[in-house]
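The lines below spell out each chain.
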Amino acid sequence: MNKYLLSLLLVLPMSFIVIAQDNESDDDVEEVVVTGIKKSLISAIDIKRNNVGVVDAITAEDFGKFPDNNLAESLARVVGIGIDRSNVEGERVAVRGFGPELNLVTLNGRQMPTVPGQWGGGRSFNFGDISSHGIAAVEVYKSTNSSLPSGGIGSTINMVTTKPLSIDGSLSSFSVDVLNDSTSNEDLKPEVNFVHSSNFGNFGFAISGSFQDRNNIEEGTRESNWLSVEDMAAIEGYSRVDKTAAGITDNNQRADGKTFYQEPSAYQIKENDRERTNAQLTMQYSFSDDLIATVDYTYSKVEFSSVGQMFGSWLGGWTTTLGTINENGVYTDVTVGDRGYDHQLIWGDTENLNQSVGLNLEWNYSDALTFVLDYHDSSAEKEGTELPNEMGLVAPATATITHFNGGTSGINSFIYDRTFDTDDYTYGSLYYRDAFKENQMEQFQFKGLWENLDGKISESIKSVEFGISRADSVFHDIRMEEINNATPGTAASSAMLTRTSLDGFMSAFRDNPSLPAYYFAINKDLALADWIANFGDISAGPIDVNDMVEETLDAAFIQVNMEFMINNKPLNVVAGVRYEESDTTSTAL
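Residue positions are given per chain, counted from 1 along the sequence in the order it is written. In keeping with the predicted nature of the model, local features appear solely for residues at pLDDT of at least 70, side-chain atom pairs appear and are counted solely at 80 or more, and the whole-chain, interface and lining totals rest on all residues. The basis for every side-chain value is the complete set of heavy atoms in the structure, and neither hydrogens nor water enter the calculation.

Draft legend 1. Just the pairing of strand β10 (residues 189–199), in detail. Paired strands, as defined in this entry, are two strands with at least two bridges between them according to DSSP. Secondary structure elements are defined from DSSP: runs of H or I of at least 4 residues count as helices, runs of E of at least 2 residues count as strands, and each element is numbered from the N terminus. Of the strand pairs in this sheet, strand β9 (residues 170–179) and β10 are connected by 10 bridges, and their pairing is antiparallel. Opposite D177, over in β10, you have E191 as the bridge partner. In this sheet, strand β11 (residues 203–222) lies alongside β10 in antiparallel orientation, the contact comprising 9 bridges. Directly across from F194, in β11, lies its bridge partner G209.

See below:
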């Protein structure tokens, strides 16, 4: 596949300031050193000033001090950027309305490998994996130019790490934070961060590390699996619920007469544990004033585990005796017979691992000409699956459930006409899943910058940028899922179930008469041991998905930066062309 990108960018400022000062004396000029937030703002302004186009930037307020510990949280400060949160922290970013998979992320100008989630795709990058300590700046390019790699429809986001030869002397930063999450049952959780940099003249190194431990508890409802009753009847050959029955109040105002029924009526409680470990090492050596070599290594690892349960009933529509259909065709309050207070154990573990090692050589060939040679070998891995493992515990279908869709609290609720006990439960099916995803990437780049210092060719031409690159990427996606069936009617051990009060569950439910007063907390270790004792080992089975994508991307570009004066006002013009050729091979087994 060949791609050509021809870009022409005009930037005409709407206002300008001219400051003139007469120097009539040779008085000494005092040096003013700006630090902290003002220095951060000045650095960000310099980045914007030195780039043509729509560029935003966030820089560290001081050495090792970024605005937030989480890069996604910091990026949320930038105009036009929204973030997705998961388990309290920011993870992914959307720029100018384009989702995470449509933004390209680079580290020191290098394209980073990514592994998408279960339902994700594209180049979505999880900024929650990277601690902000050791990051000097984040640059957001909202408009394209020929020097940037293609693929960032929303933006190209470049993370810039600490460079030791840019820092005078030796500096160190160390911090210890603790977090008290009000949803967690555990004690204070720690976060430890450090950054050190030393400059010895022609040699310097910077090292940083971060460890974060988080725990939180989620409480919520399950509201997926809505069905269109009429469409389902056309498929199945019968109607699950009769809207003309005596117990149904039909207020539907839809022209097509269609109705919609919520299949599950259930709640979920889940406890999440997350550990993030980051490390970074950068070494620089200056062979001369004109040649600098940089070697860097970046490591990040996130271990995430969750365990919880869902509890409630699958309504389905069958045996519905009472119900109300609102003006939009939605069944709201319904009463359904022959249901049980079913429970489901859910759990899962994932591990994300990112590593990158790179070499950079910057050679100032002359005052006007600079060359940069860059190489990196990087990988991203995800082991485990975002979809939880599931063990079903079935209660006898001898109850009538009344389900309230919305109500005064705005949250679904339900209640049964009988009480269940720990001895009522038998085993259903167990879904066990596993997965492994890996993206390996090697990239070589050669870039040059020529500055027209003496205006030989034309005074309007300020500089010319050019370069070539090659990126080799290999992506593996392996998934497994097995349904482990229980012997029908096998009783679940009552020792693994603990009757637990729902008092205070999702604070909106306090004193809610349409809420069951209890659920049965499931001990995961006892449940798995009892299953193995009854039915044997648990397995994810053979490989179901085994995909591989190999891609080689070659690119070359040239870009001319020009400046004209029109009516005594500057007009900046960027004209460039970029050529890309990709060779992609996809294999599925």
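After that view of the structure, there is still more to cover.
Draft legend 2. The packing of aromatic side chains, seen in detail. Pairs were defined over the aromatic rings of Phe, Tyr and Trp, the Trp ring being its six-membered one, requiring ring centres within 6.5 Å. Orientation was assigned from the angle between planes: stacked under 30 degrees, edge-to-face over 60, tilted for the rest. Under the criterion given, the structure shown has 27 aromatic pairs. On the numbers, 5.7 Å between centres and 20° between planes, the contact of F371 with F446 is stacked. Separated by 75 residues along the polypeptide, F371 in strand β20 (residues 369–383) and F446 in strand β24 (residues 426–451) bring together distant segments of the chain. Ring plane angle 80° and centroid distance 5.8 Å describe the contact between Y416 and F420, whose orientation is recorded as edge-to-face. Judged on exposure class, the residue Y416 and its partner F420 are both buried. One aromatic cluster is present, formed by Y267, F311, Y341, F414, Y416, F420, Y425, F505, Y518, Y519 and F520 through successive ring pairs. We count a charge as sitting over a ring when the NZ of a lysine or the CZ of an arginine lies within 6 Å of the ring centre and within 35 degrees of the ring normal. The ring centre of F420 lies 4.1 Å from the NZ or CZ of R418, which sits over that ring. Between buried and exposed lies partly exposed: a residue is buried under 20% and exposed over 50% of the maximum accessible area for its type, with that area taken using a 1.4 Å probe on protein chains only.

Draft legend 3. Representation of the nonpolar core in the model. For the purposes of this section, nonpolar cores are sets of buried Ala, Val, Leu, Ile, Met, Phe, Trp, Tyr and Cys residues that join through side-chain atoms within 4.5 Å. Y261, Y341, M391, F420 and Y425 are the most contacted members of the largest nonpolar core, which totals 44 residues. Element by element, the count of residues in this core is highest for strand β27 (residues 518–522), at 4 residues. Grouped together as the second largest cluster of nonpolar side chains are 19 residues, A72, F127, V138 and V140 included.

Draft legend 4. Broad picture of the pattern of salt bridges. Within this document, salt bridges are pairs made up of a side-chain nitrogen of Lys or Arg and a carboxyl oxygen of Asp or Glu, the two lying within 4 Å of each other. Throughout the structure, instances matching the rule amount to 20 salt bridges. Between D424 and R418 there is a salt bridge, and its shortest N-O distance comes to 3.3 Å. According to the relative accessible area criterion, D424 is partly exposed, its value standing at 24%. Sharing partners across several salt bridges, the network here consists of R110, D296 and D374.

Draft legend 5. Quick peek at the sheet that holds strand β6 (residues 110–111). Sheet architecture is open: 5 strands sit in the order β2-β7-β8-β5-β6, paired in mixed fashion. On the outer flanks of this sheet lie β2 (55–59) and β6, each paired with one strand and no other.

Draft legend 6. Quick look at unusual backbone geometry. At R96, a residue that is not glycine, the phi angle is positive and equals roughly 55°. Here R96 lies in the loop between β4 (89–95) and β5 (103–107). Residues other than glycine seldom take positive phi values, yet N108 does so here, at roughly 55°. Mapped onto the elements of the fold, N108 is located in the loop between β5 and β6.

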